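# Per-entry structural report
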Amino acid sequence: MKKTHIIGIVVIAIAIGIIVTAASDSSTYVTFKEAFSMAKEGASGDIHVVGKLKKDAAGHIVGMEYHPQLDPNYFTFVMLDNNNEEHQVVLYKPKPQDFDRSEQIVVIGSVKDNMFVASNILLKCPSKYKDNGKQLTANNNQ
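The following paragraphs examine the structure supplied in this document. (Residues numbered from 1 in each chain as written. Predicted model: local features only at pLDDT ≥ 70, side-chain atom pairs only at ≥ 80, totals over all residues. Heavy atoms only, no water.)

We now examine the environment of Gly109. You can see Gly109 is positioned in strand E6 (residues 104-112). Take Gly109: its relative accessible area is 2%, and that puts it in the buried class. Residues Gly109 and Gly45 lie 64 residues apart in sequence; the distance between their C-alpha atoms is 8.0 Å. If we ignore the near neighbours within four places in the chain, the residues touching Gly109 are Gly45, Asp46, Ile47, Phe116, Val117, Ala118 and Ser119. (Helix = DSSP H or I, 4+ residues; strand = E, 2+ residues; numbered from the N terminus. Buried < 20%, exposed > 50% of the residue type's maximum accessible area, 1.4 Å probe, protein only. Contact = heavy atoms within 4.5 Å.)

What follows is the structure, given as structure tokens:
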């Protein structure tokens, strides 16, 4: 076998290794039921749960607690996943900016003591380019 063939095989093997490693590190979104099931099975690593804030009929967030004067690194709220299953989520960091305005939330973390403990929260906030449900364009001369 020629040296170029051996080098080519080694490069291909390294590329396959990188792809397999990257694929195993990626995460998919799960429901709370799946997250708690994964925790019981001993899953390690971060779990991503996507959902929205629980709100009352008036649109106020239910179950949110944040008292920065007492403990600025303790924030908790109730979240509904995509199956409308609700759970308390705890974040041991300050409350994220624009949290109250978010449309959708992704919590990244793990299950501890029958509670979801987030290490990070990703927010999808309303678009700044929408005006009362009407999409604004660059050519809007009102």
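Attention shifts here to the pairing of strand E4 (residues 75-81). Along E4, seven of the seven residues are buried, which leaves the element largely enclosed by surrounding structure. Burial along E4 is two-sided: Phe75, Phe77, Met79 and Asp81 and Thr76, Val78 and Leu80, pointing in opposite directions, are all buried. Where strand E2 (residues 47-53) lies against E4, three bridges are found, and the strand directions are antiparallel. When the sheet's bridge partners are listed, Gly51 is paired in E4 with Asp81. Here E4 pairs with strand E5 (residues 86-91) via six bridges, running antiparallel. (Pairing = 2+ DSSP bridges.)

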